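Examination of the molecular architecture
Residue-level listing of the chains:
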Amino acid sequence: MAEFDLCFSGGRVFVAGDLIDADLYVKGESIALVSSRGEIRDSARVLDAKGKLILPGIIDLHAHTRDPGYTHKEDFLTVSQAAAAGGITTWIDMPNVEPPTTTVALLEEKRARAKRESLVDFGHFASGVNLEEIPGLAQAGVTGYKIFQVSGAYPHDPRLALNEEGKLLERFRAIAKTGLPCVVHPFNQSLFDFFSEEAFAQGKPRNHVTFAEIYTRDVIWESAIASLLALQRESGVRLHVVHTHAAGSLRLLRRAKVNKQSVTVEIDPKYFHLGIQDLNERGPQICPAGFVAQDQQRMAEIWNSIHDGTIDSFGSDHAPHTNEEVEKQRIDAWSAAMGSPQYDHYLSVFLNDVHQGKLTLANLVRCVAENPAKILGIFPRKGAILPGSDADLVVVDFERERTLNNEELYTKVKWSPYTGWRVKGTPVLTMLRGKIVAENGKVVGERGHGKYIGGVAQR
């Protein structure tokens, strides 16, 4: 019997913050050895990785699978197929499904469905709104909690929203006792409503352009972050804030980190990749992004926050809707679905940033693998290439150029906001715990291979 099950030979392996020329060996579900290139080791199978980069598998903390309740958009099988194709080996789901994940029974039902279907590993952030359910969800193994401050039409489900500061503090205190992370979609709903009514009084249409212009105003986000940071100091909760694209928010969060507050920061690619030209050309598929990328001051603050570590992680906000659903934004964006699928093209967009000199490879790995694993409390079992770590890997052809298109997609809705982009760098193989789940653009993984990632308390 061979000493190792598989060897990636001749590639460059990302280890401890840098690429090294090495061969990587897998045994069972784990990384067994990273050795000098060319050493003769007994392996049952050898894969030629010459000219390729081997990175830790992507861990995404921000998925909207739409399962259960909205499976015409996406389900656990299709989301995991899109994930595998895009180099993502672990995704964490959100509770805005039907019925929303607000109880232990609903968590267990959802987890059982995902175990049957998912090709890759997964977890779930259940709602943190129902105070009496928080301890039981922790005992049931929930990955963490999610609270939305934004409320309105689906997908911003008012049943999952909480804006009253006293009630938020009460939930934060209860979640802090569990030691699990609390993910918050920050938003000042009352300001958004005020600006909306002001715009309508001025005769502006209720379409996606007006919505995106208001939704991305800094003050809506900055004021929410200021409040959340005060509540975090009071409660001690492990706060993870998402959609942090406002310059004022990032400055507040940088200061909070200097003051050693327990807060981690996430941004999704749409806000700093999809600009006003994309919004004009592609319409509602781009909303709510569009106005951030044209603001040079805000973009400079975003990139600076990535480079200096204020932003801890990238979250995809993979949020598929059918094209027919998002097109309704042209008539009334305030009552229409919005959000975009991300998984199939997610890694390629960031690899292109590396080629353009906007992002270092080390910062990319930090934001999509290392820090997400640390936030979940599973580093270095995941998020690193080390002996004993799970063999969760993505092999990248860093020099391959291609034009992104809808025909190659695994997401059920079959469209991408990045279609037509010319990018350099693409994932060519994805491995989860020693099993290849995607290779050369084709998903080959087995449904049900994914394992649940439960919460790890950190105090």
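Data block above holds the structure.
Notes on the structure in this doc start here.

Calculation notes
- Residues numbered from 1 in each chain as written.
- Predicted model: local features only at pLDDT ≥ 70, side-chain atom pairs only at ≥ 80, totals over all residues.
- Heavy atoms only, no water.
- Salt bridge = Lys/Arg side-chain N within 4 Å of Asp/Glu carboxyl O.
- Buried < 20%, exposed > 50% of the residue type's maximum accessible area, 1.4 Å probe, protein only.
- Helix = DSSP H or I, 4+ residues; strand = E, 2+ residues; numbered from the N terminus.
- Pairing = 2+ DSSP bridges.
- Axes fitted to C-alpha atoms, helices over the stretch in contact; angles between N-to-C directions.
- Parallel < 35°, antiparallel > 145°, perpendicular 65-115°, else oblique.
- Left-handed = near helix turned anticlockwise from the far one by under 90°.
- Contact = heavy atoms within 4.5 Å.
- Phe/Tyr/Trp six-rings, centres within 6.5 Å; stacked < 30°, edge-to-face > 60°.
- Lys NZ or Arg CZ within 6 Å of the ring centre and 35° of its normal.

Observations concerning the pattern of salt bridges
Enumeration according to the criterion identifies 34 salt bridges in this entry. In this structure, Asp268 engages Lys270 in a salt bridge whose closest nitrogen and oxygen atoms are separated by 2.5 Å. Across the pair, Lys270 and Asp268 agree in class, each one buried. The network of salt bridges with shared partners includes Glu29, Asp121, Arg381, Lys382, Asp390, Asp392, Arg433 and Lys451.

Re the pairing of strand E1 (residues 6-15)
Burial of E1 is extensive: eight of the 10 residues sit out of reach of the surface. The loop that links E1 with its antiparallel partner strand E2 (residues 18-27) comprises two residues; one of these, Ala16, has a positive phi angle of about 50°. Pairing of E1 with strand E4 (residues 46-48), which is carried by three bridges, proceeds in the parallel orientation. By the bridge assignment for E4, Phe8 is matched with Leu47.

A word on the packing of helix H5 (residues 189-201) against helix H7 (residues 218-235)
Close contact between H5 and H7 brings their axes to 9 Å; oriented N to C, the two are set at 165°. It follows that H5 is roughly antiparallel to H7 by the angle criterion. Along this stretch, H5 crosses H7, giving a crossing that reads as right-handed. Residues Leu191, Phe192 and Phe195 of H5 form the contact with H7, whose own contacting residues are Val219, Ile220 and Ser223.

Focus on the environment of Pro269
Relative to the helices and strands, Pro269 is located in helix H9 (residues 269-273). Remark: the alpha-carbon pair of Pro269 and Val349, spanning 80 residues in sequence, is separated by 8.5 Å. In this view, Pro269 contacts Leu274, Gly315, Ser316, Gln342, Tyr346, Phe350 and Tyr418; residues no more than four positions away in its chain are not counted.

A look at the packing of aromatic side chains
Using the criterion set out here, one finds 21 aromatic pairs in the structure. Ring centres 4.5 Å apart and planes at 10° place the aromatic pair Phe314 and Phe350 in the stacked group. One end of the pair, Phe314, is in strand E13 (residues 313-314); the other, Phe350, is in helix H14 (residues 346-355), and 36 residues separate them in sequence. Residue class for Phe314 comes out buried when judged on its relative accessible area of 1%. The buried category is assigned to Phe350, whose relative accessible area is 0%. With a centroid separation of 5.1 Å and an interplanar angle of 75°, the aromatic rings of Tyr418 and Trp421 are classed as edge-to-face. Looking at Tyr418, the relative accessible area reads 0%, which means it is buried. Feature note: the residues Phe187, Phe192, Phe200, Phe211, Tyr215, Trp221 and Trp334 constitute an aromatic cluster, connected by ring pairs. When the ring centre of Phe195 is taken as origin, the NZ or CZ atom of Arg217, which lies over that ring, is 3.8 Å away.

The values reported here are purely geometric and, on their own, carry no functional implication.
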